[in-house]
Amino acid sequence: MTDQELVKKAFEMHQFSYVPYSHFPVGAALLSEEGRVFTGCNVENAAYGSTICAERTAIVKAVSEGCREGWTAIAIAGQGEDFCWPCGACRQMLYEFAPNLRVLAARGDGTFREVPLSSLLPCGFGPKSLK
Ligand SMILES: [Zn+2]
């Protein structure tokens, strides 16, 4: 799967976003080295703290379906003029399973930028930190 195709899958998730408060749909698509794709959308809640981001939805889907290793890239698609970078909580959750992940952040016009997760979360704390 190409990066462009992964970004397209992230955009396709906007249709499922539940965003009555922010009105800002976000979609995510997480790719494994086996070619599996785990998608997610943001799901908001009247108790704002219970809201979950698209990226963490995709992460939880992957782990709950037995895929914890070999993640190669995640695409994140927003609708605004800025590239849709993952929030701090999502960066931490991604780092737990894939500190070397490639992050593709897309904006509303469909263009995207790629950066390594390690540049978004330098000196990250992960499972190896506990050893
Ligand atoms: Zn997030």
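Everything in this summary refers to the structure shown in the same document. (Residues numbered from 1 in each chain as written. Predicted model: local features only at pLDDT ≥ 70, side-chain atom pairs only at ≥ 80, totals over all residues. Heavy atoms only, no water.)

1. Here's the deal with the overall build of the chain
Secondary structure summary: the chain contains four helices and five strands in total. Counting from the amino terminus, helix and strand elements in the chain follow one another as α-β-β-α-β-α-β-β-α. Its C-alpha atoms give the chain a radius of gyration of 14 Å, within 12% of the compact-globule value 14 Å for 131 residues. Seen through its principal axes, the chain has C-alpha atoms that stretch 40 × 35 × 30 Å. Expressed as a percentage of the 131 residues in the chain, the buried residues total 44%. Of all intrachain contacts in the chain linking residues separated by at least 6 positions in sequence, the fraction that spans at least 24 positions is 62%. Working note: accessible area of the chain is about 7,100 Å², and carbon and sulfur atoms make up 53% of it. The average position of the 12 basic charges and that of the 14 acidic charges among the side chains of the chain differ by 4 Å. (Helix = DSSP H or I, 4+ residues; strand = E, 2+ residues; numbered from the N terminus. Rg over C-alpha atoms; globule rule 2.2 N^0.38 Å. Buried < 20%, exposed > 50% of the residue type's maximum accessible area, 1.4 Å probe, protein only. Contact = heavy atoms within 4.5 Å. Areas by Shrake-Rupley, 256 points an atom, 1.4 Å probe, with all protein chains shown as cover. Lys, Arg positive; Asp, Glu negative; His and termini not counted. Charge placed at Lys NZ, Arg CZ, Asp CG, Glu CD.)

2. Some thoughts on the side chain of Arg91
Tracing the backbone through its elements, the reader meets Arg91 in helix α3 (residues 88–97). Within the buried set, Arg91 has no salt-bridge partner at all; the shortest N-O distance to an opposite charge, 7.5 Å, is to Glu55. (Salt bridge = Lys/Arg side-chain N within 4 Å of Asp/Glu carboxyl O.)

3. Structural notes on the sheet that holds strand β5 (residues 112–116)
Strand pairing within a sheet occurs via backbone hydrogen bonds; the two strands may be parallel or antiparallel. Pairing is mixed in the open sheet, where five strands are placed in the order β2-β1-β3-β4-β5. Only two strands of the sheet have a single neighbouring strand rather than two, namely β2 (37–41) and β5. Strand-to-strand, the axes of this sheet are offset by a mean angle of 15°, without reference to chain direction. Alignment of strand β1 (residues 27–32) against strand β3 (residues 71–77), held across six bridges, turns out to be antiparallel. The residue bridging Ser32 from the neighbouring strand is Trp71, located in β3. Relative to β2, helix α2 (residues 54–64) is tilted by about 140°, and along the sheet it contacts β1, β2 and β3. (Pairing = 2+ DSSP bridges. Axes fitted to C-alpha atoms, helices over the stretch in contact; angles between N-to-C directions.)

4. Let's talk about the coordination of the zinc ion
Surrounding the zinc ion are the protein donor atoms Cys53 (SG), Cys87 (SG) and Cys90 (SG), at 2.3 to 2.4 Å. Read in sequence order, the donor residues coordinating the zinc ion give the pattern C-x33-C-x2-C. (Donors = N, O, S within 2.8 Å, 3.2 Å for Na, K, Ca; no water.)

5. So, a nonpolar patch on the surface
Taken together, the side chains of Tyr18, Tyr21, Val43 and Tyr48 define a hydrophobic patch exposed on the protein surface, amounting to about 430 Å² of accessible area. Topologically, Tyr48 is positioned in the loop between β2 and α2. (Patch = residues over 30% accessible without salt bridge, like charges linked within 9 Å, V, L, I, M, F, W, Y side chains within 5 Å.)

6. Section: the packing of α2 against α3
Here α2 crosses α3 at 25°, and the two axes come no closer than 9 Å. Comparing the axis directions of α2 and α3 gives the class roughly parallel. In the packing of α2 onto α3, the handedness of the crossing is left-handed. Residue-level contacts link Glu55, Arg56, Ile59 and Val63 of α2 to Ala89, Cys90, Met93, Leu94 and Phe97 of α3. (Parallel < 35°, antiparallel > 145°, perpendicular 65-115°, else oblique. Left-handed = near helix turned anticlockwise from the far one by under 90°.)

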